[in-house]
Structures are given as C-alpha cells and as structure tokens.
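These are the residues of each chain, in order.
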Number of protein chains: 2
Amino acid sequence: MCEFTYAIVGTGALGGFYGAKLQQSGLNVHFLLKSDCEHVRQHGLVIKSVDGDFTLPRVKAYSDVQKIPACDVVVISLKTTQNHLLPQILPFAVKDTGIVLVLQNGFGIEAEVAQIVGSDKVIGGICFLTANKIAPGYIRHLSYKNIILCEYTQNYHPGGITERLRQIGKDFENAGIPVELDEDLLLARWKKLVWNIPYNGLSVILNATTAELMASPDSSKLVEELMYEVATGAKALGRTIPDTFIQKMLHNTAKMTPYLTSMKIDYDERRPMEVEAIFGNPLRMVQAAGTNLPKIDCLYQQLKFLDAMRTAR
Amino acid sequence: MCEFTYAIVGTGALGGFYGAKLQQSGLNVHFLLKSDCEHVRQHGLVIKSVDGDFTLPRVKAYSDVQKIPACDVVVISLKTTQNHLLPQILPFAVKDTGIVLVLQNGFGIEAEVAQIVGSDKVIGGICFLTANKIAPGYIRHLSYKNIILCEYTQNYHPGGITERLRQIGKDFENAGIPVELDEDLLLARWKKLVWNIPYNGLSVILNATTAELMASPDSSKLVEELMYEVATGAKALGRTIPDTFIQKMLHNTAKMTPYLTSMKIDYDERRPMEVEAIFGNPLRMVQAAGTNLPKIDCLYQQLKFLDAMRTAR
C-alpha cells in the first residue's frame, strides 16, 4: 500500500497540531491557511507541547486551494462555522480515490461533507485535544491528543473497520497520536456531545469555567441533567450511552484544572460559535425521531441569541 | 366602618410609591425603613410620577419595628429575599384584628406569611408598577400602577370577595390606584408569572432588555415556550391561562419601550435576586403535583448559579 499524502484544511490549533505531528513523522503534508499563510510559509510551525516542543521550519503552506495538490487524505480542521467554504475547497483538495477525514466538533457534519464528495469518501474523527493557537503558526498543546476514527456511512449506520481506516490510524499512531478505531460513528459522536453540550453551552451562558460549573450544586446538577438528555437523544437514535459513562465524565471534569471551553473562547474572542454543529444538528435529528430534549433546546435558543448579539451589539 | 391605618414594611420604589399615595389621600400611614430612615424622617418622600409629581415633607418613618403602632393593614413591600425578617416584624406591626397585604412578586409568599400571622389575616396583591428608587426617599414612577387584590386561603382555594377586600380596594382607589378585586389568588399570581418568568429570567441570563429579547426570533420563541410552560404549571394546579392571554403578553411586551426587569436591576446592582419567589416556589408546587417544567427548571438552575456567583466572584 502506498503512503498517504495529507491536506490540512484549516491550520488552527487542532489542524496545526495534528498536521505538524504527521509531517514530523515523515509524511507529506500540505497546509491550507488564510490570514497566517505568509507567516507560516516564511517561518514554519512552532509546537509547544506537553509531550515536548518542536519546530517545523519549512511547511507547505497554501492560501489558494487551487494550488494544493490533490491528496489522499483531506483533514477538515476548520471550525464548523466555516463549513460554507467546503464546496469550494474539497473538490480541489481530495484525490478521486481519496478520503475526507472530518476532525470537527459536533454532529451531522459528515453528512454535509458527503453531499460534496460522496458518502463513500468520508471518515469521521472525534478528537480529544486541548490546544490553543497563541500566534500565527504558534500552537500550544496542553493535554490529551487522542482520536477515535470511524467510517461514515449514509444514515450513520455502523460502518465496520476498513483497511483505509487502519492505515490512517497507523499514520496517526506513527506520529505519536493514540488512535482508537470504532465501528459506530454516531455513538462516538454522541458520547462526545455528553461533554460538549453542557460544558460548552453553560460556560458561555453562565460565563464560567468547568471548575465553577462543577463547584456549584445548582450548575453541576444542570450539567448532569443535560448529560442525561444527551443520552435520551442517543437512545432515540438507537444508541445506548451507559450511566457509568456519564458519571465518569462528571467525575473527570470535576477533577480537571479550570478550563475554558472552545465555545467560550470563541465567544470571548467574538468569533461565531459552533452552535449548529453541537446543538442544532443533534436536536433536529432527535426531533425528527419524535423526541424532545427541552433543556438542551433551551440552551440552544439562548446560544443562538448570544451568537446573534455578538455582532449586533 | 372605621378608617384603616397602614404600615408599609419596606419603603423602596413600590412601598414608597403606594404608601405615599395612600398618605396623600388622607390616610394614616407608617413607613418602616432601614438605611434611608433618618433621611426620610428629615426630608419626607418625593415622588416623581408620570401622573404628576408630589412631595410629602412629613412622613412617619421608623427603623425600629417595635416603635411602629400596630396597624389595620400591614403592606409587605420588601424584596422577597428579605422575607427572613418578617417573623421579627409582623407580630409587632399588625393589629389582632389586622390584615397583612402581600404586595410582593412571585408565588407562595402568602403561605409563608400565613405561617407567621395565621391564614385568616392574609391578602395577596399583584402589582403592575414600573418605578425605581433613585435616591433615599426619592422615587420615580414610570408607568402602570394598578393592583389586583385577592383573599388568601389555605391551599390557595379561591377566597371570594370579602368586605375587608373591598375596603382596602376602596382605600387604594381613593388614592388614585386602579384596583381589581379577584376571587382566585393562585390564578392571578400565575398569570403574573407568565410575564415574570421569561423576562426576569432571560434578561439576567442573556444580559438583555425586553426589547432585545423580543427582537430576536430565537429568544422570542424561547420566551413564548416559557410562557406556555407557565400555563402548563397553572394547569397542573387546576387553573387555566388562555392562549389569548399569552399572545397578548407577547404582543404588549414587543411594543413596550426597552425595559430592564427588576431581577436584572437587582443582578446588575449585585443584590440578591428573587429566584425562589419567582422560580423555586412555583416549580416546587408544580413538581409536587407531578408535573415537570423543564425549561423553567433550566432557567432556575442557571439563575441560582448566577445568584451564588454574585457573592463568590
């Protein structure tokens, strides 16, 4: 089997970190950037990581998608709020025999990508990574880094463990990223929502860190109820999230150092929030299955208001 | 029938305004104050009102409840967050044959007052008043002023229109306050909650005026859903709030000039919010009847968090 070439679509904290790790491991990686392109072309990427710092003085940086060579694996690491750009990017970036790996937050994004490139080309990846971009081409990796990889199939039926999934998994493993291969993308994404929905939502709405949310009996009870609503949503789609998983999430987050969620950082920096990917898409899918998730819906409406006010005020 | 004497327990915007109107109409009114007492004793009360300004240079002001003569009608116009003081106040302020008139926000307060003075002594009043205290003894009355008066009975069974209710109503009417006498305190209080729950809650949580909440389709939909949850709560207690009432509330508020709710003003001025009176008590009563109001409960938990953080931060 040939070596895969990689395109990183969106070289922020997440795309920059994983792309740099892949290139450092010896793979051929192409980075798509916007405002940082010229800087990265001249100075490369700098990774300050708990695993050890490293610099890539030369990376292949592009601002024009038409100049990226078509790659075997196109990694989507934009914020989902930028996904309206994908129809102009993916047809250029991905080989006819290539794969699009969606490393974004939330739910339902693979289905949107499948509309552009066909569902046989799509793989989903759920990332557990704490990293920030602190300057152009300068990424700080704080903790975690593992990825769960799953095949996408139409309607999110479990997709099995394919050869290409194994190869991408091996590429990341060789780059020092722990990978788990999973058959059920839908369940994996909903398990991530168990964390993302309460903490991302409430951190913005209540202007709070994860530690503050867990320290108050009122908000920690609300966090737990929201997690159980996520489990109710998964159940409406035929998937089971066990109570033990929820209790572990609560326990682990309570022990974590105070953390600002990605949505809170976006909100504080007046960037659009990933409200549709994390809240709107899951809610709509569950509503179509005839189930209401009222507290999650309440957060969704509050976040849409705050997201709109961000530009109005 | 003899003329009633009045004690105003809590001379803020609401107590100061109604008490001053009663005294101006010729009644004998005694004002209980805390920090403003000395100022009001020396300078009286100044009312700047859309109905015409007036000054009462001399009012009977007390800071020591033991010095207030026991009155026929004791008007409770404290914030409900100060109600822990009532057991020390009411036994002194109310005559054996007297009445306690609860002019506070929220639900379930009459039952608490009945525990102190007996349920046969309690009347509830629902106020529709926009007024602020802008300095000691200085009250600005912006709009509305009417009151609905209802007898309180144990378990909030409809209490009929009594002679004493009529007399208090007449006293307020003579003072220029439009009064409606109603038989069903529970329904009247829940109708007020239709407005208070969404607007007080969301104005704090989303840092918004009523106008901003109504201008956004996301928040105005949430407001409407919260109003329908209030109606569901009333229904669980055997009362019907018609759809037309809800639609009128939405319509009227959308037309109102931008307005900061009382809870928002309390929050901004770092005072305790009336979370239990407006959210906690109604929720507990409905939960005891076997009904959940999940979105109201979500707001309740969020507000309790914000109320606690007010002192923690």
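Each chain carries its own residue numbering, running from 1 in the written order of its sequence. Written order determines the labels here, with chains lettered from A and ligands numbered from 1. The predicted origin of the model limits local features to residues at a pLDDT of at least 70 and limits the giving and counting of side-chain atom pairs to 80 or more, whereas totals for whole chains, interfaces and linings rest on all residues. The side-chain numbers reported here are obtained from all heavy atoms of the structure, hydrogens and water having been left aside.

Focus: the relation of the copies chain A and chain B
Now for step 1: The two copies are related by a screw motion: chain A maps onto chain B through a turn of 180 degrees and a shift of 0.0 Å along the axis, at an RMSD of 0.0 Å. With respect to symmetry, the two chain copies, as superposed, fit the operation of a two-fold axis.
Now for step 2: With an isologous cut-off of 70% or more, the 100% of interface residues of chain A that recur at the interface of chain B puts this contact in the isologous class. Least-squares superposition aligns the copies on the C-alpha atoms of those residues with pLDDT at or above 70 in both. Between two residues, a contact is recorded if the distance between any of their heavy atoms is within 4.5 Å.

Re the environment of M273 of chain A
Residue and element names in this part refer to chain A.
Now for step 1: Under the DSSP-based scheme used, a helix requires at least four consecutive residues in state H or I and a strand at least two consecutive residues in state E, with every element numbered from the N terminus. Take M273: it is sitting in the loop between α10 (262-268) and α11 (275-288).
Now for step 2: With a 1.4 Å probe rolled over the protein chains alone, any residue whose accessible area is under 20% of its type maximum counts as buried; one over 50% counts as exposed, and the rest are partly exposed. Assessed through its relative accessible area of 3%, M273 is described here as buried.
Now for step 3: Placed 256 residues apart in sequence, M273 and F17 show a C-alpha to C-alpha distance of 21 Å.

A closer look at the side chain of T130 of chain A
Now for step 1: Along the chain, T130 of chain A turns up in strand β9 (residues 130-135).
Now for step 2: With sequence-adjacent residues up to four places away left out, T130 of chain A is seen in contact with R140, H141, L142, S143, Y144 and Y259 of chain A.

Points about the pairing of strand β3 (residues 45-49) of chain B
The side chains of a regular strand alternate, first on one face of the sheet and then on the other.
Residues and elements named next belong to chain B.
Now for step 1: Only one face of β3 is covered, namely the face carrying L45, I47 and S49; the face carrying V46 and K48 is uncovered.
Now for step 2: We call two strands paired when DSSP finds no fewer than two bridges between them. As paired strands, β3 and strand β4 (residues 54-56) are joined by 3 bridges and run antiparallel to one another. What sits directly across from L45, in β4, is L56.
Now for step 3: As consecutive antiparallel partners, β3 and β4 are separated by 4 residues, and within that stretch G52 has a phi angle of approximately 120 degrees, a positive value.
Now for step 4: Strand direction decides the pairing type here: β3 and strand β10 (residues 138-143), joined by 4 bridges, are parallel. Residue K48 lies in a different strand from β10, and its bridge partner there is R140.

Overview of helix α1 (residues 13-24) of chain A
Residue and element names in this part refer to chain A.
Now for step 1: Across its 12 residues, α1 extends 16 Å between first and last C-alpha, which sits within 8% of the 16 Å expected from 1.5 Å per residue.
Now for step 2: Here α1 lies mainly inside the structure; 10 of its 12 residues are buried.
Now for step 3: Downstream of α1 by a residue or two, G26 has a phi angle that is positive, lying close to 110 degrees. Working rule for helices: expected span equals 1.5 Å times residues minus one.

Section: the UniProt feature "domain: Ketopantoate reductase C-terminal" (unreviewed entry) in chain A
Now for step 1: The feature "domain: Ketopantoate reductase C-terminal" (unreviewed entry), as annotated in UniProt, sits at residues 184-305 of chain A in this numbering.
Now for step 2: Across residues 184-305 of chain A, helical content stands at 76% and strand content at 0%; the span's end C-alpha atoms are separated by 33 Å. UniProt positions are given in the numbering used here, feature names are shortened, and annotations may be inferred rather than shown by experiment.

Re the UniProt feature "domain: Ketopantoate reductase N-terminal" (unreviewed entry) in chain A
Now for step 1: Cross-referencing UniProt, the feature "domain: Ketopantoate reductase N-terminal" (unreviewed entry) maps to residues 6-149 of chain A in the present numbering.
Now for step 2: Across residues 6-149 of chain A one finds 25% helix and 38% strand; the C-alpha atoms that close the span lie 16 Å apart.

Let's talk about the pattern of salt bridges
Now for step 1: Salt-bridge detection follows one rule: a side-chain nitrogen of Lys or Arg within 4 Å of a carboxyl oxygen of Asp or Glu. This model, assessed by the stated rule, comprises 38 salt bridges over all chains.
Now for step 2: When the shortest N-O distance is used, the salt bridge between D218 of chain A and K304 of chain B registers 3.0 Å. Remark: K304 of chain B occurs in helix α12 (residues 294-312) and D218 of chain A occurs in helix α8 (residues 217-236); the pair is interchain, linking two chains.
Now for step 3: With a relative accessible area of 16%, D218 of chain A lands in the buried category.
Now for step 4: The closest approach of N and O atoms between D72 of chain B and K95 of chain B, which form a salt bridge, is 3.0 Å. In this pair, D72 of chain B sits in strand β6 (residues 71-76) while K95 of chain B sits in strand β7 (residues 94-102), placing the two residues 23 residues apart along the sequence.
Now for step 5: Linked by salt bridges that have partners in common, K79, D266, E269 and R271 of chain A make up one network.

Looking at the sheet that holds β3 of chain B
All names here are of chain B.
Now for step 1: Spatially, the 4 strands line up as an open sheet ordered β4-β3-β10-β9, and their pairing is mixed. The outermost strands of the open sheet, each flanked by one partner alone, are β4 and β9 (130-135). With strand direction ignored, the average angle separating the axes of adjacent strands in the sheet is 20 degrees.
Now for step 2: One ladder, built from 5 bridges, connects β9 with β10; its direction is antiparallel. In this analysis an axis means a line fitted to C-alpha atoms, helices contributing only their contacting stretch, and an angle means the value between N-to-C directions, from 0 to 180 degrees.

Concerning the sheet that holds strand β4 (residues 54-56) of chain A
Residues and elements named next belong to chain A.
Now for step 1: Pairing is mixed across the open sheet formed by 4 strands, whose spatial order is β4-β3-β10-β9. Of all strands in the sheet, those with a lone pairing partner are β4 and β9, marking the two edges. Averaged over all neighbouring strand pairs, the angle between strand axes comes to 20 degrees, with direction disregarded.

Observations regarding the domain arrangement of chain A
Residue and element names in this part refer to chain A.
Now for step 1: Parsing chain A into structural domains produces domain 1 (6-183) and domain 2 (187-311).
Now for step 2: Bear in mind that the domain bounds are from an automatic or database domain assignment. Just the C-alpha atoms count here: the centres of domain 1 and domain 2 sit 24 Å apart.
Now for step 3: The interface of domain 1 with domain 2 comprises 25 residues on the first partner and 19 residues on the second.
Now for step 4: The term buried area means the drop in 1.4 Å probe accessible area that two parts suffer when joined, counted for both and summed. Contact with domain 2 buries surface across domain 1, with K79, N105 and F107 losing the most and accounting together for 38% of the total.
Now for step 5: Taken together, the connections running from domain 1 to domain 2 amount to 2 salt bridges.
Now for step 6: R189 is the partner of E110 in a salt bridge, and the nearest nitrogen-oxygen pair spans 2.7 Å.
Now for step 7: Each polar contact in these results corresponds to two N or O atoms within 3.5 Å; when the atoms are within protein, one needs to be able to donate a hydrogen and the other to accept it, and residues that are neighboring in sequence are counted only if both atoms are side-chain atoms. Taken together, the links from domain 1 to domain 2 amount to 12 residue pairs in polar contact (both at pLDDT 80 or more).

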